[in-house]
Amino acid sequence: MSSQSFSAARGDCFFCGIVAGEAAAQRVHEDELTITFMDLYPASRGHLLIVPKRHFSDIIGADDAALVRVIVNSRRIALAQKRALGPDGIGVHQLNGAAAGQTVFHYHMHLIPRRMGDPIGFHGRSKAEEGELAGVAAEIARALAEID
């Protein structure tokens, strides 16, 4: 994480606030370099984000250690999503810059479970219910524990 701490009043990075424990999130996994949590505006059930703990605005600024850990965890978490939720596929997406659709400027990877016929998109239109996010997070975390 960056040396600055999160402050919603200052408009700092929301993901840094999650990393610092100052913003709520339904966490699925955490290690020394990354945190994985449910997307508040999911494109589908089980949509989650893998975020380096250290702040990088995009892939261009990220260091190799963060990039490697994000992609390695992407595979493990996708396997857990597959086991827990049984989707037909999983979209693994990373967006850089507003023109590419990035809305939170902290490097992150989207893992979006998909069913045949689902519309392709990266961000949902409505905020998910906290209870639903908690339930899905628990399902995926249990499946991940079986993999480990």
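Throughout, residues of each chain are indexed from 1 in the direction in which the sequence is written. Where local features are concerned, this predicted model is filtered to residues with pLDDT of at least 70; where side-chain atom pairs are given and counted, the filter is 80 or more; whole-chain, interface and lining totals use all residues. The basis for the side-chain values is all heavy atoms of the structure; hydrogens and waters are excluded.

The next thing to look at is the pattern of salt bridges. Note on definitions: salt bridges are taken to be side-chain nitrogens of Lys or Arg within 4 Å of carboxyl oxygens of Asp or Glu. According to the stated counting rule, one finds seven salt bridges in the structure shown. Among the ionic pairs, E132 bridges to R45, the shortest N-O distance being 3.1 Å. In this pair, E132 sits in helix 3 (residues 130–147) while R45 sits in the loop between strand 2 (34–38) and strand 3 (48–52), placing the two residues 87 residues apart along the sequence. The partly exposed category is assigned to E132, whose relative accessible area is 39%. A run of H or I in DSSP counts as a helix once it spans at least four residues, and a run of E counts as a strand once it spans at least two, with each numbered from the N terminus. Residue exposure (1.4 Å probe, protein chains only): buried if accessible area is under 20% of the type maximum, exposed if over 50%, otherwise partly exposed.

Pairing is antiparallel across the open sheet formed by five strands, whose spatial order is 1-2-3-5-4. Pairing within the sheet leaves two strands with one partner each, and these edge strands are strand 1 (27–30) and strand 4 (89–93). Geometrically, the sheet is characterised by an average inter-axis angle of 15 degrees between neighbouring strands, direction not taken into account. Being paired, for any two strands, means DSSP has found at least two bridges between them. Bridge count between strand 3 and strand 5 (residues 109–114): three bridges; the pairing is antiparallel. From the neighbouring strand, I50 faces strand 5, where its bridge partner is M109. Note on contacts: a residue pair qualifies if any of its non-hydrogen atoms lie within 4.5 Å across the two residues. Interaxial angle, 0 to 180 degrees, is taken between N-to-C directions of lines fitted to C-alpha atoms, where a helix line uses only the stretch in contact. Taken strand by strand, helix 2 (residues 64–85) contacts strand 1, strand 2, strand 3, strand 4 and strand 5, and its axis lies near 20 degrees from that of strand 5. Here helix 3 sits on the sheet and contacts strand 1, strand 2 and strand 3; the angle it forms with strand 1, its principal contact strand, is near 35 degrees.

The span expected for a helix works out to 1.5 Å for each residue beyond the first. In a regular helix each residue adds 1.5 Å, so 22 residues correspond to 32 Å; helix 2 covers 31 Å between its end C-alpha atoms and thus fits that length. Where helix 2 is buried, its residues contact strand 1, strand 2, strand 3, strand 4, strand 5 and helix 3. In the segment just after helix 2, G86 is the residue with positive phi, at about 60 degrees.

Moving on to helix 3. A rise of 1.5 Å per residue sets the reference length of helix 3, with its 18 residues, at 26 Å; its end C-alpha atoms lie 26 Å apart and thus fit the reference within 8%. Among all positions of helix 3, only L133, V136, A137, I140, A143 and L144 are buried. Around the axis of helix 3, the buried residues are gathered within 130 degrees of arc, so they sit on the same side. In this structure, helix 3 carries G131, R142, A145 and E146 as exposed residues pointing more than 90 degrees from its buried face. Buried residues in helix 3 make contact with strand 1, strand 2, strand 3 and helix 2. Directions drawn from the helix axis to the C-beta atoms are what define this arc.

Once that is clear, we can look at the environment of K53. Mapped onto the elements of the fold, K53 is located in the loop between strand 3 and helix 2. Judged by relative accessible area, which is 19%, K53 ranks as buried. Once the C-alpha coordinates of K53 and F15 are considered, the two residues, 38 residues apart in sequence, prove to be 8.5 Å apart. In this structure the side chain of K53 is engaged in a polar contact, spanning 2.8 Å, whose partner is the side chain of E30. A distance of 2.7 Å separates the side chain of K53 from the backbone oxygen of D31, its partner in a polar contact. What qualifies as a polar contact is a pair of N or O atoms within 3.5 Å, subject to a donor-acceptor requirement within protein and to the restriction that residues adjacent in sequence count only when both atoms come from side chains.

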